[in-house]
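# Geometric and topological summary
If you want the building blocks of each chain, they are given just below.
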Amino acid sequence: MITLSHYLVLTAILFCIGLVGILRRKNLLMLFFATEMLLNAVNIGFAAVSKYYMDLTGQLFAFFVIAIAASEVAVGLGLLIIWYKRVGSIDLDTMQSMHG
Amino acid sequence: MIEAIAFYTFATLTIAMFVITVMSKNALYAMSALAAGMIFISGFFFLLDADFLGVVQIIVYTGAVMALYAFGMMFFDTTREVKERNSSAKVVFVLSGMAALLMVVILVAPIISDKVQALYPMREDVGNAEAVGIVLFTKYLVPFEVAAVMLLVAMISGIIMASKRMDESLTLKEDEEIQKKAAQ
Amino acid sequence: MEKYLYLALFSPLVGSLFAAMFGAQPKKLITGIVSSALLFVSLFSSLYLLYYVVTTDSIVHVKLFDWINVGDLAIPFGFVVDHVSVIMMVTVTTVSALVHVYSIGYMKYDEGFNRFFSYLSAFVFSMMILVMSDNFAGLFIGWEGVGLCSWLLVGFWYKKPDVTRDVNPSISPSWAANEAFIMNRIADLGMLIGLFLIYWNTGSLQYDVVFQDVSALNIGLVSLIGIFLFIGAMGKSAQFPLHTWLADAMEGPTPVSALIHAATMVTAGVYLVIRANPIYSAVPDVGLFIATLGAFVAVFAASMALVNQDLKRIIAYSTLSQLGYMFVAAGLGAYWIALFHLMTHAFFKALLFLGAGNVMHAMDDELNIFKMGGLAKTMKWTAIMMIIASLALAGIYPFAGFFSKDKILEVAFDSQHYILWVMLWVGAGLTAFYSFRLVMLVFFGEERYKKFGFHPHEAYWYMLAAMAPLAVLAIIAGFFEEGFERFVTSILPEYHFHVHGITVVALIGVTTLIALGGIALAVYKYSRGGFSEKWKENPVYQLLINQYYIPVIYEKLFSKPYAELSRIAWKELDLRVVDATVDFIANVIYKSGFKGRVVQSGNLSSMLKWMVIGLVVLLILVVLYSPVR
């Protein structure tokens, strides 16, 4: 039987894959992909919790997460394009102006 | 039984797709794998009786968001391999592994108490979409409206970022001025 | 009557503050005049109080205000004018007022004129507190005050640099000032211990309370108190071994030497012993020790004065010697005699110093008496006054010194301490000799100064006028002896002589004989050109002229090891341990900030990595500290 724990473990695994992506990727666009993965992973978690406790709150939460993710992508891509036009590269290492 | 099969299938596929997204050196492959992963996640939603959410996932995420990424990819040279300088792969995997382990421990261990109450319980008689609608427009009305405003703002910001010469107004000027400006 | 007490006490303070206002400015004559005038006010108040005490035989006792009131300890700011203190007041104010007038002329061309009068009047104020206070704490305040003002005044020309000991045995004014202050400090520790013992065992520091209770205390304790108080007196009155500062204090201006190191500060120790006479009467053994030490110092100092070439140092050693006489008298129980000698000595010693000041001024501050000679022709009045003072010092009838010094010798003989008597008798002879050696070498004989190009002239008329009253007192003060005895023994214990009649006359005769002998030897030898140069090879001469090498011994034994210890404490302990620890803490914080700055690299990827690390840490905390297990 598939219990809540299965879904939550799945959520954890997907979230961590997303973390790996965040840490590894030096290309800003790839970073955005990994961010999407994080959001999707928690969406699964919300939906699972919602089903197993017979509460609709989780689904609504996931719904709003999707809305926010969409708007975030729009704005983020817009900025990314402007940066690319201005600087010519979207590599993270070139975006460093602080000297540490 | 079917549920279990479906769950494990979807799980394997999703994980595989996401791993490709993270590990691939080709941007196009990564994007495609991400889109595929999104679809499989919507499959999960259908498994969980969250029909509305599953549909929204496909339309919004896979349809709109991934399409947006695809348009964004046009600006960058996608045939070229993305060169990345990885400082230390070991640290990354160790960190993520620990995070995964810890989260699993937290979630699997009997920490979640039995005191969770359902505030908006699912009703058996209505379908999922109708139930979502009822809750959305009663309890979550304000967040709904705020989310709408936020989308509006995002749209406006997208327009502004993409366009040029936004300080001039085309509707309040005479035709000759516009022609002159265009000729310059 | 209280207002005279306040006038006498606070006029010097007002004068000092007035002069202090002009401290940093160039010379203003008004400071000298105002300070001297205020001192005369103090003098006349003291004389009036003397008249009052003499005629009514009553004591003036005031309490200004409560100073310290802590638990059981109650120390008021109180002042008493009784027979002893009024004598001291009159002595101090007389000499001070005259020295102030003298200084107007002496310091005429000095740029620190205003500062000088401020310090001088402050000194007189502290001395007045010392003698007028009615408790040991007030005495100690005055004690410290005179120590401070003495430091300020001896080091008056502090800008003079240090030189080596063979060029100038006092090295420099600031060095001499430090030496005086530090030696006094060492002695003050003893005095403080004495004060603590007194308070601990009697519960009060007021003179009347302490002296009543002291008879009830255990004898060993009283001896300890007496010894510790005497240690304090040893520092202030420069008894052996804390004597080296007095000769070196001659680096200060001559009026300072006249006031402080002849008449007032150095007598504070004797005053302490006289004031605390109930303590010392209870422990005659301590008194005997004091007397023996005094006799030793008398001869010791006189021996060093025999060969010295420095004008002021000879007079300084003679002061040291006479202080020894005073302590002999006080130690053997003849307190009123000690007080009497204190008073007469103040007059003629101050006169000697002021005369020396005149000579120095005439000789452009030259101190070597072998470069002088035959000055009596040009400085007639100074010569006369110094001869009067020297006669008084040598103890020739009818001058003042005869009465006081002879009495002390009688006391020594009378209490059957014949060795002390012999020492004092020898000392009298030496005193006469070196006093007249000084007079002969400076004022008579060959005019050696012409070879060195000096052009001496007599001092200003008002400086001579300031010295004149002292000369008069040096002559006539001895005749007040009987009245003095009657007056003072209302408070001080009497001394009953066992020898009478022919023995007394014989003693006086023998003493006068040796004094005259000393004078005759000096006059004879120095009118014929002095002793031959061969004497300088004599090891005894070398010993004497180097002050028995005691300053050198002190330097090697105490100063250098202590300086080394201080240097070690500074370099090894303070710099390496304390500073290093503090610096280490600061460094740790700085370095950790420096290293931690890496986190804020600006590189998004690494910052995300730190975020994940933080997330992992939080998860660990959740697992470890979760409330639901």
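First, a word on what this report is: a plain description of the structure on this page. Keep in mind that this is a model prediction, so the values were computed, not measured.

## Digging into the overall build of chain C
For chain C, the helix and strand inventory stands at 25 helices and two strands. Summarising its shape, the C-alpha atoms of chain C cover approximately 115 × 65 × 50 Å along the three principal directions. Considering chain C as a whole, with its 629 residues, one finds that 51% of them fall into the buried category. Here the analysis covers contacts within chain C between residues at least 6 apart in sequence; of these, 81% occur between residues at least 24 apart.

## Description of the environment of Val612 of chain C
Mapping Val612 of chain C onto the fold places it in helix 25 (residues 604-625). Each C-alpha atom, one on Val612 of chain C and one on Met423 of chain C, is 97 Å from the other, the two residues being 189 residues apart in sequence. Once residues within four sequence positions are removed from consideration, Val612 of chain C is found in contact with Leu19 and Leu23 of chain A together with Leu95 and Ala99 of chain B.

## Structural notes on the interface of chain C and chain A
Between chain C and chain A, the residue contacts involve 11 residues of the former and 11 residues of the latter. Considered class by class, the residues forming the side of chain C that touches chain A number four nonpolar, five polar and two charged.

## Some points on the packing of helix 6 (residues 173-202) of chain C against helix 8 (residues 219-236) of chain C
Residues and elements named next belong to chain C. The interhelical angle for the contact between helix 6 and helix 8, taken along N-to-C directions, is 155°, at an axis separation of 7 Å. It follows that helix 6 is roughly antiparallel to helix 8 by the angle criterion. Crossing hand, helix 6 versus helix 8: left-handed. Contacts from Met183, Asn184, Ile186, Ala187, Asp188, Gly190, Met191, Ile193, Gly194, Leu197, Ile198 and Asn201 of helix 6 reach helix 8 at Leu221, Leu224, Ile225, Phe228, Leu229, Ile231, Gly232, Met234, Gly235 and Lys236. Looking at the contact of helix 6 with helix 8 residue by residue, the classes come out as 14 nonpolar, six polar and two charged.

## Structural notes on the pairing of strand 2 (residues 73-81) of chain C
All names here are of chain C. Note: strand 1 (residues 60-70) against strand 2, nine bridges, orientation antiparallel. Paired with Asn69 across the strands is Ala74, a residue of strand 2. Following strand 1, the chain reverses through two residues before pairing antiparallel with strand 2; Gly71 in that reversal takes a positive phi of roughly 60°.

## What about the nonpolar core?
Residue and element names in this part refer to chain C. The biggest cluster of nonpolar side chains holds 207 residues, and the ones touching the most others in it are Ala350, Leu351, Leu424 and Ala474. Looking at which element gives the most residues to this core, the answer is helix 15 (residues 335-362), with 19 residues. The contact partners of Leu424, leaving out residues within four places of it in the chain, are Ala295, Ala298, Tyr325, Val328, Ile408, Leu409 and Ala412.

## Observations regarding the interface of chain A and chain B
Counting from both sides, the interface comprises 58 residues of chain A and, opposite them, 66 residues of chain B. Put simply, the parts of the chain that give the side of chain A that touches chain B at least two residues each are helix 1 (4-24), helix 2 (28-52) and helix 3 (57-87) of chain A. The greatest single-element share of the side of chain A that touches chain B, amounting to 21 residues, is contributed by helix 3 of chain A. Tallied by class, residues from the side of chain A that touches chain B come to 41 nonpolar, 10 polar and seven charged.

Thresholds applied
Residues numbered from 1 in each chain as written. Chains lettered and ligands numbered in written order. Predicted model: local features only at pLDDT ≥ 70, side-chain atom pairs only at ≥ 80, totals over all residues. Helix = DSSP H or I, 4+ residues; strand = E, 2+ residues; numbered from the N terminus. Buried ≥ 20, exposed ≤ 12 C-beta atoms within 10 Å, placed from the backbone. Contact = placed C-beta atoms within 7 Å. Nonpolar A, V, L, I, M, F, W, Y, C, P; charged D, E, K, R; others polar. Axes fitted to C-alpha atoms, helices over the stretch in contact; angles between N-to-C directions. Parallel < 35°, antiparallel > 145°, perpendicular 65-115°, else oblique. Left-handed = near helix turned anticlockwise from the far one by under 90°. Pairing = 2+ DSSP bridges. Core = buried A, V, L, I, M, F, W, Y, C linked by C-beta atoms within 7 Å.

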